[in-house]
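Residue-level listing of the chains:
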Amino acid sequence: MVAQNLLFNTASLYSNKAQNDSRYAYPRDVLEGVIKQLKMTTLATGCRIKNSEQFIVLKTTAHEGKQQLIRHPIDFHESTIKLGIEALKKSGMLDEPHVCMIAVSASSLNGVFTYIYEIVRRCGWSVLPLGGSEDGADISYLSKNFSVDTIFLPPTIVDSVFSREMADKFNTLRNILCIGEVPSPALVERMRIDFPHIRFRPFVYSPNDTGPIGIPNVEGCEGTYDVPENILLEVESVEGDVALNGSGKILVSVLGLEDPDLIRWRIDDIGTLKTDEAGKQLIEIQPRVYPG
């Protein structure tokens with residue numbers, strides 16, 4: 001649920017800064033427009049928004065062939081780690097210790113690998129920090145020899161790692177935690193048939209640019225996420241209309257940041273958004289469709 005005080009305080013900060021810095025005018029208008037749509041009447045608390053001076057620098061997703069660097073304050077990064085731990089707890093993954101493998105690319109200025117490693121380290125799990133390998137034989141060998149029961153990986157490499165020929169090679173594995181996007185229903189069904197002992201579990205929905213924008217809704221269907229309180233989502237229709245309810249391209253606004261760059265940040269995914277009168281948001285992500 002969108003934290004009303006955080007929304008008001010961020011809008012207030014941007015309103016004050018817009019008087020001397022035009023970069024804040026559009027973000028101010030966006031947040032004030034949402035406040036009006038939700039008919040929120042609570043006043044800003046006057047609590048000062050101040051981010052830490054330490055930061056982590058990441059490379060954003062390319063849009064229209066362009067890529068840029070973005071700076072996340074360390075206090076914001078810390079809050080995203082706590083959300084990841086909360087997601088594991090909510091799904092029952094903290095009920096017992098695990099041996100996990102991180103099969104996610106550790107490429108330059110990509111924060112996803114570091115993010116997952118920090119989460120599982122704080123959870124007390126044993127870790128094999130493999131990186132972005134798609135070698136199913138190598139992954140199965142490591143899984144067998146170190147009794148790996150959980151693996152983090154993007155859905156895009158599941159088919160190549162978990163081919164039908166490897167059906168009897170992952171006897172210790174019990175959980176696949178998806179990161180980056182939602183697996184297609186066809187992939188989930190194929191894995192259910194070929195690897196019935198392995199369960200697909202959604203992890204946080206977390207674009208590299210914005211940090212987590214969805215925590216798995218364990219009571220809902222696969223691909224449905226509760227939106228954290230520091231995140232405001234909107235959807236943009238094909239016609240270009242932006243709304244708090246409906247389907248379209250997902251727009252992300254991160255609240256509580258001094259820097260206004262992450263307001264209506266565009267990501268690659270399409271979803272169906274529901275926002276109630278209190279500001280609680282639920283997003284259902286559509287699986288990506290790839291050519292061929």
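Refer to the structure printed above.
Residues numbered from 1 in each chain as written. Predicted model: local features only at pLDDT ≥ 70, side-chain atom pairs only at ≥ 80, totals over all residues. Heavy atoms only, no water.

## Some words on the environment of Gln281
Considering the arrangement of structural elements, one finds Gln281 in strand β14 (residues 281-285). Considered as a pair, Gln281 and Leu257 are 24 residues apart in the sequence and their alpha carbons are 20 Å apart. At 2.8 Å, the side chain of Gln281 forms a polar contact with the backbone oxygen of Leu233. (Helix = DSSP H or I, 4+ residues; strand = E, 2+ residues; numbered from the N terminus. Polar contact = N/O pair within 3.5 Å; in protein donor to acceptor, adjacent residues only side chain to side chain.)

## Some remarks on the packing of helix α3 (residues 74-90) against helix α4 (residues 111-122)
Contact pair α3 / α4: the axes reach a minimum separation of 9 Å and the direction vectors enclose 60°. If you check the angle between α3 and α4, you find them oblique. Our pair here, α3 against α4, has a crossing hand that is right-handed. Contacts between α3 and α4 involve Glu78, Thr80, Ile81, Gly84, Ile85 and Leu88 from the first element and Tyr115, Glu118, Ile119 and Arg122 from the second. Taken together, the residues of the contact of α3 with α4 break down into 5 nonpolar, 2 polar and 3 charged. (Axes fitted to C-alpha atoms, helices over the stretch in contact; angles between N-to-C directions. Parallel < 35°, antiparallel > 145°, perpendicular 65-115°, else oblique. Left-handed = near helix turned anticlockwise from the far one by under 90°. Contact = heavy atoms within 4.5 Å. Nonpolar A, V, L, I, M, F, W, Y, C, P; charged D, E, K, R; others polar.)

## Focus: the packing of aromatic side chains
With the rule as written, the count across this model stands at 7 aromatic pairs. Ring centres of Phe162 and Phe170 lie 4.5 Å apart, and the angle between their planes is 40°; this geometry places the pair in the tilted category. No difference in accessibility class separates Phe162 from Phe170, as the two residues are buried. Taking the centre distance of 6.2 Å and the plane angle of 70° together, the rings of Phe170 and Phe195 count as edge-to-face. In this pair, Phe170 sits in the loop between α6 (158-161) and β6 (175-178) while Phe195 sits in the loop between α7 (185-194) and β7 (199-202), placing the two residues 25 residues apart along the sequence. Each residue in the set Trp125, Phe152 and Phe203 is aromatic and connected to the rest through ring pairs, giving one cluster. If you follow Arg71 out to its NZ or CZ, it ends over the ring of Phe55, 4.7 Å from the centre. (Phe/Tyr/Trp six-rings, centres within 6.5 Å; stacked < 30°, edge-to-face > 60°. Buried < 20%, exposed > 50% of the residue type's maximum accessible area, 1.4 Å probe, protein only. Lys NZ or Arg CZ within 6 Å of the ring centre and 35° of its normal.)

## Digging into the side chain of Thr150
Position of Thr150 among the secondary structure elements: in strand β5 (residues 150-153). Under the relative-accessibility criterion, Thr150 is labelled buried at 0%. There is a polar contact of 2.7 Å between the side chain of Thr150 and the side chain of Asp149.

## A short note on the side chain of Asp269
Summarising the element assignment, Asp269 is placed in strand β13 (residues 265-275). A polar side-chain atom of Asp269 sits 2.4 Å from a polar atom in the side chain of Tyr205. Ignoring anything within four residues of it in the chain, the contact list for Asp269 reads Gly180, Tyr205, Gly248, Lys249, Ile250, Ile285 and Arg288.

## Here we look at the packing of helix α1 (residues 4-18) against helix α2 (residues 25-37)
Describing two packed helices takes the angle between their axes plus the distance from one axis to the other. Where α1 contacts α2, the axes come no closer than 8 Å and their chain directions differ by 145°. As for the relative orientation of α1 and α2, their crossing is left-handed in sense. Note on element contacts: α2 touches α1 through Ala25, Pro27, Arg28, Leu31, Glu32, Val34 and Ile35, opposite Leu7, Phe8, Thr10, Ala11, Tyr14, Ser15 and Ala18. Of the residues belonging to the contact of α1 with α2, the class tally is 10 nonpolar, 2 polar and 2 charged.

## Considerations on the sheet that holds strand β9 (residues 224-226)
The antiparallel open sheet is built from 7 strands, whose spatial order is β8-β9-β14-β13-β12-β10-β11. Looking along the sheet, the strands with just one partner apiece sit at the ends: β8 (215-216) and β11 (242-243). (Pairing = 2+ DSSP bridges.)

## Some details on the pattern of salt bridges
The tally for this structure, following the rule as stated, stands at 12 salt bridges. Close ionic contact of Glu234 with Arg264 constitutes a salt bridge, the shortest N to O distance being 2.8 Å. One end of the pair, Glu234, is in strand β10 (residues 231-236); the other, Arg264, is in the loop between β12 (246-254) and β13, with 30 residues separating them in the sequence. When salt bridges that share partners are traced, they join Glu78, Glu118, Arg121 and Arg122 into one network. (Salt bridge = Lys/Arg side-chain N within 4 Å of Asp/Glu carboxyl O.)

## Here's the deal with the sheet that holds β5
Strand pairing in a sheet is mediated by backbone hydrogen bonds. Such pairs are either parallel or antiparallel. Pairing in this open sheet of 5 strands is parallel, and the strands run β4-β3-β5-β6-β7 from one edge to the other. The open sheet has two edge strands, β4 (126-128) and β7, and neither has a second partner. Pairs of neighbouring strands in the sheet enclose a mean axial angle of 25°, with direction left out of account. Bridge count between strand β3 (residues 99-102) and β5: 3 bridges; the pairing is parallel. Across the sheet, the residue bridging to Cys100 is Thr150, located in β5. In the packing of α4 onto the sheet, contacts are made with β3, β4 and β5, and the angle to β3 comes to roughly 170°.

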